[in-house]
Amino acid sequence: MARIAGINIPIFGIGNSRAARICDAAGVKYHVKVKDLTDAEVASLRSQVAKFAVEGDLRREVSMNIKRLMDLGCYRGIRHRKGLPMRGQRTRTNARTRKGPRKQAVKMNAPPGKV
């Protein structure tokens with residue numbers, strides 16, 4: 001497995017479309033397997049990947065953007081803080097991905113007198 005940007009191949013921040021653009025710019029064919037890449041091709045891929053924010057830098061940038069929204073106290077920041085959807089989805093029903101599992105008001109099948 002080739003190491004690019006200091007990590008093994010699946011790189012956070014590089015999906016299908018960005019990978020295709022990087023391969024075009026580096027002059028590498030898409031169908032070539034990693035074990036068949038030459039050292040020159042790996043070096044050109046590394047130089048192309050270095051132009052983008054990937055892995056730790058990208059995660060840090062995203063978390064700083066969310067933190068900035070929360071510090072501003074804008075609508076999206078408040079929704080992040082409360083753990084609710086921030087793009088207009090309804091919350092009376094659904095929204096289970098953001099809200100987490102349902103809280104039970106009364107525990108079912110509990111013996112009487114014990115809670």
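In what follows, the accompanying structure is described.

Definitions and limits used
- Residues numbered from 1 in each chain as written.
- Predicted model: local features only at pLDDT ≥ 70, side-chain atom pairs only at ≥ 80, totals over all residues.
- Heavy atoms only, no water.
- Helix = DSSP H or I, 4+ residues; strand = E, 2+ residues; numbered from the N terminus.
- Contact = heavy atoms within 4.5 Å.
- Areas by Shrake-Rupley, 256 points an atom, 1.4 Å probe, with all protein chains shown as cover.
- Salt bridge = Lys/Arg side-chain N within 4 Å of Asp/Glu carboxyl O.
- Buried < 20%, exposed > 50% of the residue type's maximum accessible area, 1.4 Å probe, protein only.
- Core = buried A, V, L, I, M, F, W, Y, C linked by side-chain atoms within 4.5 Å.
- Phe/Tyr/Trp six-rings, centres within 6.5 Å; stacked < 30°, edge-to-face > 60°.
- Lys NZ or Arg CZ within 6 Å of the ring centre and 35° of its normal.

**Observations regarding the overall build of the protein chain**
Working step 1: A count of helical and extended segments in the protein chain gives five helices and two strands.
Working step 2: Ordering the α and β elements of the protein chain from the N terminus gives β-β-α-α-α-α-α.
Working step 3: Long-range pairs, those at least 24 residues apart, make up 37% of the contacts in the protein chain with a sequence separation of at least 6.
Working step 4: When the accessible surface of the protein chain is totalled, it reaches about 9300 Å², and 54% of it is carbon and sulfur.

**Comments concerning the pattern of salt bridges**
Working step 1: This model, assessed by the stated rule, comprises one salt bridge.
Working step 2: In this structure, the salt-bridge partner of R60 is D57, at a minimum N-O distance of 3.0 Å. Of this pair, R60 and D57 are both found in helix α3 (residues 55–72), three residues apart, which corresponds to roughly one turn of the helix.
Working step 3: Given a relative accessible area of 49%, D57 falls into the partly exposed group.

**Details of the environment of N65**
Working step 1: Here N65 is to be found in helix α3.
Working step 2: Overall, N65 belongs to the partly exposed group, its relative accessible area being 34%.
Working step 3: The spatial distance from the C-alpha of N65 to the C-alpha of G77 is 9.7 Å, given a sequence separation of 12 residues.

**Side note on the nonpolar core**
Working step 1: Grouped together as the largest cluster of nonpolar side chains are nine residues: I11, I22, A26, V28, L37, V42, L45, V49 and V54.
Working step 2: Of all the elements in the fold, those that place two or more residues in this core are α1 (16–26) and α2 (39–49).
Working step 3: If you tally residues by element for this core, the top one is α2, at three residues.

**Let's talk about the packing of aromatic side chains**
Working step 1: Using the criterion set out here, one finds zero aromatic pairs in the structure.
Working step 2: For R59, the ring lying beneath its charged end belongs to F12, and the centroid distance is 4.0 Å.

**Focus: unusual backbone geometry**
Negative phi values dominate among residues other than glycine, just as trans dominates among peptide bonds.
Working step 1: For E55, which is not glycine, the phi torsion reads 50° and is therefore positive.
Working step 2: By the secondary structure assignment, E55 is in helix α3.
Working step 3: Unusually for a residue other than glycine, N94 sits at a positive phi of about 70°.
Working step 4: The topology assignment puts N94 in the loop between α4 (75–82) and α5 (96–99).
Working step 5: Given a relative accessible area of 52%, N94 falls into the exposed group.

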